[in-house]
Amino acid sequence: DVPPRLNDLIRHMTKPDPVARLQTADAVLAELQAIRDRPSGTAPPVAPDATAPPVSPPAPPVEPEKFAVQDLIDGKYEVLKVMEAGGSGRVYKVYDSMLEQVYAVKVFKDTSLSLDHIRQEAKSLRAAAARVPSLVQVYTWGQLQQSGRLYLVTDFIEGEELTRYTTPDRRLPVREAVQAMLDLLAALAALHPDVDRIAALQAKKQEGEITAEEYAELGELQNSGWLHRDIKPANLMLAQDGLKLID
């Protein structure tokens with residue numbers, strides 16, 4: 001559609017009386033630019049108010065103490081299920097849309113934990129899980145920005161907690177119970193430091209008979225492995241391929 005103001009300009013330029021027309025090309029150009037900059041029916045642009053306060057960006061969503069289903073943990077793990085809270089934190093069944101994988105994310109409630117502590121624990125778990133199948137695999141760790149809480153990302157194990165078999169009306173058959181305990185002992189043996197070897201190397205060190213290789217081995221043994229102080233039925237999962245120590 002032709003703007004009405006442009007029609008008026010054309011009629012003005014084609015009047016029979018030359019005196020009534022715009023007399024110069026500059027005058028015509030100025031009128032055309034005015035029509036272009038402000039088409040008919042539009043308001044002139046408003047200059048920004050220099051005294052107005054700047055618009056603040058929207059505040060980031062508040063991190064909840066307890067995440068709910070469909071919440072995102074650390075902006076990337078969508079909560080599918082909220083598990084029961086434990087002594088050190090809460091576990092969530094999550095979905096990583098980038099990797100298209102389901103994991104378990106444990107968010108620790110103690111904000112005084114250091115990232116080095118979690119990193120060392122994750123490395124020990126990862127090394128131990130490579131040796132025995134009764135430990136969950138650790139994939140990564142991270143820290144929530146707002147609260148500073150740390151978290152671990154591990155396998156999510158489908159199965160039944162051992163607590164379901166601690167009542168008189170439901171018990172494991174003897175053979176399955178024995179195998180479950182063997183699986184647990186294998187997990188603990190893989191996790192715990194080799195205290196006998198450490199004691200032997202420390203004795204050699206005190207006697208001044210330790211070699212350079214043994215000294216390096218002693219340091220590695222002292223920095224690897226940790227004592228699990230929270231063995232309970234809620235931390236043991238009966239999966240199709242045996243018992244798993246999940247926490």
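From a predicted model like this one, the values you see are computed outputs, not experimental measurements. (Residues numbered from 1 in each chain as written. Predicted model: local features only at pLDDT ≥ 70, side-chain atom pairs only at ≥ 80, totals over all residues. Heavy atoms only, no water.)

> An account of the overall build of the chain is requested, with residue identities and associated values reported.
Each helix and strand counted, the chain has six helices and nine strands in total. The buried share among the 247 residues of the chain stands at 28%. A separation threshold of at least 6 residues defines the contact pool for the chain, and within that pool the share at least 24 residues apart is 48%. Of the accessible surface of the chain, which amounts to about 16,700 Å², a share of 55% is contributed by carbon and sulfur atoms. (Helix = DSSP H or I, 4+ residues; strand = E, 2+ residues; numbered from the N terminus. Buried < 20%, exposed > 50% of the residue type's maximum accessible area, 1.4 Å probe, protein only. Contact = heavy atoms within 4.5 Å. Areas by Shrake-Rupley, 256 points an atom, 1.4 Å probe, with all protein chains shown as cover.)

> Which residues make up a nonpolar patch on the surface, and what are the values?
A surface patch of nonpolar side chains, amounting to about 400 Å² of accessible area, comprises Val174, Val178, Leu182 and Leu185. Take Val178: it is sitting in helix H4 (residues 174–191). (Patch = residues over 30% accessible without salt bridge, like charges linked within 9 Å, V, L, I, M, F, W, Y side chains within 5 Å. Salt bridge = Lys/Arg side-chain N within 4 Å of Asp/Glu carboxyl O.)

> With reference to specific residues and values, describe the pattern of salt bridges.
Between side chains of opposite charge, pairing is possible as soon as their charged atoms come close. Scanning the entire structure with this criterion turns up seven salt bridges. The partner of Arg119 in a salt bridge is Asp116, with the nearest N and O atoms 2.7 Å apart. Within this pair, Arg119 and its partner Asp116 are both found in helix H3 (residues 115–129), separated by three residues, close to a single helical turn. Here Glu160 and Arg170 are joined by a salt bridge, their closest N and O atoms 2.9 Å apart. Note that Glu160 is positioned in strand E7 (residues 160–161) and Arg170 in the loop between E7 and H4, a separation of 10 residues in sequence.

> Tell me what's going on with the nonpolar core, and back it up with residues and numbers.
Grouped together as the largest cluster of nonpolar side chains are 23 residues, with contacts concentrated most on Leu135, Leu152, Leu191, Leu236, Leu238, Leu243 and Leu245. Of all the elements in the fold, those that place two or more residues in this core are H3, strand E6 (150–155), H4, strand E8 (236–239) and strand E9 (242–245). If one sorts the elements of this core by residue count, H4 sits on top with six residues. Ignoring sequence-local partners within four residues, the contact set of Leu236 consists of Glu160, Glu161, Leu162, Leu184, Leu243, Lys244, Leu245 and Ile246. Counting 12 residues, the second largest nonpolar core, distinct from the first, contains Phe67, Ile73, Tyr77 and Tyr103. (Core = buried A, V, L, I, M, F, W, Y, C linked by side-chain atoms within 4.5 Å.)

> With reference to specific residues and values, describe the sheet that holds strand E2 (residues 77–85).
If you trace the six strands from one edge of the open sheet to the other, you get E1-E2-E3-E4-E6-E5, paired in antiparallel fashion. The strands lining the two open edges of the sheet, one partner per strand, are strand E1 (72–73) and strand E5 (138–143). Here E2 runs beside strand E3 (residues 89–96); their pairing, made up of six bridges, is antiparallel. Bridge assignment links Val82 to a residue of E3, and that residue is Tyr92. Against the sheet, H3 contacts strand E4 (101–108), E5 and E6, and its axis sits at roughly 175° relative to E5. (Pairing = 2+ DSSP bridges. Axes fitted to C-alpha atoms, helices over the stretch in contact; angles between N-to-C directions.)

> Quick rundown of the sheet that holds E9? Include the residues and the values.
Taking strand neighbours across the sheet as the criterion, the three strands line up as E7-E8-E9 in an open arrangement whose pairing is antiparallel. Single-partner strands in this sheet number two, and they are E7 and E9. Relative to E8, E7 is paired through two bridges, and the arrangement is antiparallel. Among the inter-strand pairings, Glu160 is bridged to a residue of E8, identified as Leu238. Where H4 meets the sheet, its contacts fall on E8 and E9, and the angle it forms with E9 comes to roughly 35°.

> Could you give me a rundown of the environment of Ala180, with the residues and numbers involved?
Among the secondary structure elements, Ala180 is positioned in helix H4. Spatially, the C-alpha atoms of Ala180 and Leu238 are 8.0 Å apart, while their sequence positions differ by 58 residues. If we skip the residues at most four places from it in the chain, Ala180 touches Leu238 and Leu243.

> How would you sum up the side chain of Lys93? Please name residues and give values.
By the element assignment, Lys93 lies in strand E3. Setting aside its immediate chain neighbours within four residues, Lys93 contacts Glu78, Val79, Leu80, Lys81, Met83, Val102, Tyr103, Phe156 and Glu158.

> Can you tell me about helix H6 (residues 212–223), naming the residues and giving the values?
Side chains that are three or four residues apart share a direction in an α-helix, a result of its 3.6 residues per turn. Taking 1.5 Å per residue, 12 residues should reach 16 Å; H6 reaches 17 Å between its end C-alpha atoms and fits that length. Every buried residue of H6 is accounted for by Glu214, Leu218 and Leu221. Along the axis of H6, the buried positions cluster into a sector of 70°, meaning they face one direction only. Summarising the geometry of H6, the exposed residues directed more than 90 degrees from the buried face are Ala212, Glu213, Glu220 and Asn223. (Expected span 1.5 Å × (residues − 1). Arc of directions from axis to C-beta.)

These figures capture arrangement, not role.
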